[in-house]
Amino acid sequence: MARLRPAVLSTGYRRLLRPALFAAAGGDPEAVHEATLERLEQLGRHPHLVRALRRLTAVDGAEVELAGIRFPGPVGLAAGMDKGARAVTAWQGLGFSHVEVGTVTAHPQPGNPRPRVFRAPLSGGLVNRMGFNNDGAAAVADRLARAGVRRGNGAAGVPVGISLGKSKVTPLPEAVEDYLTSLRLLAPHADYLAVNVSSPNTPGLRRLQDGGHLRELVTALVAETRTLAGDAAAPVPVLVKLAPDLGDEALDEVLEVCEDAGAAGIIATNTTTSRDGLVGLDQRLVDEPGGLSGAPLRDRARAVVARVSSRSALPVIGVGGIMTADDALALLDAGARLVQVYTGFIYAGPGLVAEITARHARRQAPAGTPSLGRRA
């Protein structure tokens, strides 16, 4: 079967689909997001169609290993796109090597009032203040079970990570037990768990990045994964997702804590509270609360990935500012082993995933190997 060229995917999306999507629902980004997720959820109910799409988008020779997990390529879907794992069996069809669902909290919660997502098209960015809106850990675990998604079984076609966050109603002193509640429900369905202590949209959450709080939290979560695994299997890897707004000294302290507490890796970065990089009419969003993602985050995400990689042996998943394949390759060159996209996927479509994967595979191929990722 002939593979789809990344350039064809990108051109079709940019010229035809993106303008229609951005104009739909009166220009409401969240409404478009929900409608798109519903279509993907429907696609996921037809495994033969997903497999056919996967054959069109797959690229040989792009495999990556991180935390003992084999990924078929370098590009995953970042948390936030599929909070409730509604389309978890469909994302492989768009070329993703893994999908990180969530962020999921122990208690179901509606999130912040709407509107809470704002496009910054001139700047290639998004501002969101969703507030961990999700169905709660029990409901998400049930959905994953019904879809047949369990650790290592391949029902989703690619590895599944689950991002865990603190419930808004839970006081900070009770945060550890709140995360543990979610972990116990969701660990059987996760190839890895991501500890989200870095969203700017839950009051007080980023305080969990402080050394004492973070040490207690990560130590407890890692210990629980070991208890759940018993002697029969390796525990589910626990990765920690960091904010881009940490200074170098604070970042170094966090890395030391993560290493000591047994974390298996770092995800760098989350959205930023900075508004640097907003240009022209997008500057209307300067005073809009929430986290900024996309192109304005590019340089800071790259700097954080580089510092983490130079200061720690923990493997890194790079996230933030990936709008082109060059952006992704720069994060990989800075030390990331995998990358994840969200805002770039919204602006560039599935062609971005295909191009990053194909170029990564070509860089990995021995000299003289025929070019990968083209029509067969």
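Above this text you will find the structure in question.
Residues numbered from 1 in each chain as written. Predicted model: local features only at pLDDT ≥ 70, side-chain atom pairs only at ≥ 80, totals over all residues. Heavy atoms only, no water.

Things to note about the overall build of the chain
Looking only at helices and strands, the chain has 11 helices and 13 strands in total. In summary, the chain has a C-alpha radius of gyration of 19 Å against a globular reference of 21 Å for 376 residues, a match within 12%. In terms of its C-alpha atoms, the chain occupies a principal-axis envelope of roughly 55 × 50 × 40 Å. Excluding contacts between residues fewer than 6 apart, the proportion of contacts in the chain whose partners are at least 24 apart in sequence is 73%. (Helix = DSSP H or I, 4+ residues; strand = E, 2+ residues; numbered from the N terminus. Rg over C-alpha atoms; globule rule 2.2 N^0.38 Å. Contact = heavy atoms within 4.5 Å.)

Things to note about unusual backbone geometry
Cis geometry is adopted by the peptide bond preceding T103, which originates at G102 and carries an omega value of 15°. Within the secondary structure, T103 is located in strand β4 (residues 98-104). Residue P115 is bonded to the preceding R114 through a cis peptide linkage, with omega at -5°. In this fold, P115 is placed in the loop between β4 and β5 (117-120). Even without being a glycine, A67 presents a positive backbone phi close to 55°. One can find A67 in the loop between β1 (64-66) and β2 (69-71). For A67, a relative accessible area of 29% translates into the label partly exposed. (Buried < 20%, exposed > 50% of the residue type's maximum accessible area, 1.4 Å probe, protein only.)

Some remarks on the environment of A336
Along the chain, A336 falls in the loop between α9 (325-334) and β13 (338-341). Each C-alpha atom of the pair A336 and R302 lies 9.2 Å from the other, and the pair is 34 residues apart in sequence. Those residues in contact with A336, other than ones at most four positions away along the chain, are V305, S309, V316, G318 and L331.

Looking at the side chain of S182
You can see S182 is positioned in helix α5 (residues 175-186). Here S182 falls in the buried class, since its relative accessible area comes to 0%. Looking at S182, its side chain comes within polar contact range of the main-chain nitrogen of A106, at 3.0 Å. (Polar contact = N/O pair within 3.5 Å; in protein donor to acceptor, adjacent residues only side chain to side chain.)

Notes on the sheet that holds β13
Strand order in the closed barrel made by the 8 strands is β3-β4-β7-β8-β9-β10-β12-β13, with parallel pairing throughout. Strand after strand, the sheet turns through a mean of 25° between neighbouring axes, direction not considered. Sheet analysis places strand β3 (residues 75-77) next to β13, joined by 3 bridges and oriented parallel. Bridge pairing links G76 to Q340 in β13. α9 rests against β12 (316-319) and β13 of the sheet, and its axis sits at about 145° to β13. (Pairing = 2+ DSSP bridges. Axes fitted to C-alpha atoms, helices over the stretch in contact; angles between N-to-C directions.)

A few points about the nonpolar core
Grouped together as the largest cluster of nonpolar side chains are 82 residues, with contacts concentrated most on V88, W91, I162, Y179, L186, V240 and I266. Aside from chain neighbours lying at most four places away, what touches V240 is V195, V197, L214, V218, C258, A263, G265, I266 and I267. Membership of the second largest hydrophobic core comes to 12 residues, among which are V64, L66, F71 and A78. (Core = buried A, V, L, I, M, F, W, Y, C linked by side-chain atoms within 4.5 Å.)

What about the packing of helix α7 (residues 248-261) against helix α8 (residues 298-311)?
Where α7 meets α8, the closest approach of the two axes is 11 Å, and the angle between their N-to-C directions is 50°. Compared by their axis directions, α7 and α8 come out oblique. Handedness of the α7/α8 crossing: right-handed. Residues D248, L251, D252, L255 and E259 of α7 lie in contact with α8, whose contacting residues are R300, V304, R307, V308 and R311. Its residues assigned to classes, the contact of α7 with α8 comprises 4 nonpolar, no polar and 6 charged. (Parallel < 35°, antiparallel > 145°, perpendicular 65-115°, else oblique. Left-handed = near helix turned anticlockwise from the far one by under 90°. Nonpolar A, V, L, I, M, F, W, Y, C, P; charged D, E, K, R; others polar.)

Re the side chain of T105
As for its placement among the helices and strands, T105 is situated in the loop between β4 and β5. Given a relative accessible area of 0%, T105 falls into the buried group. A polar contact is formed between the side chain of T105 and the backbone oxygen of H107, at a distance of 2.7 Å. Among the polar contacts made by the side chain of T105, one reaches the side chain of N134 at a distance of 2.8 Å. Residues contacting T105, with those up to four places away along its chain left out, are F132, N134, G136, A137, G165, K166, S167 and S182.

Observations concerning the sheet that holds β5
Pairing is antiparallel across the open sheet formed by 3 strands, whose spatial order is β5-β6-β11. Lying at the two open borders of the sheet, with one neighbouring strand each, are β5 and β11 (291-294). Strand-to-strand twist across the sheet, computed as the mean angle between neighbouring axes with direction ignored, equals 20°. Relative to β11, strand β6 (residues 125-128) runs antiparallel, the two sharing 4 bridges. In the sheet register, V127 faces β11, and the bridge partner there is L292.

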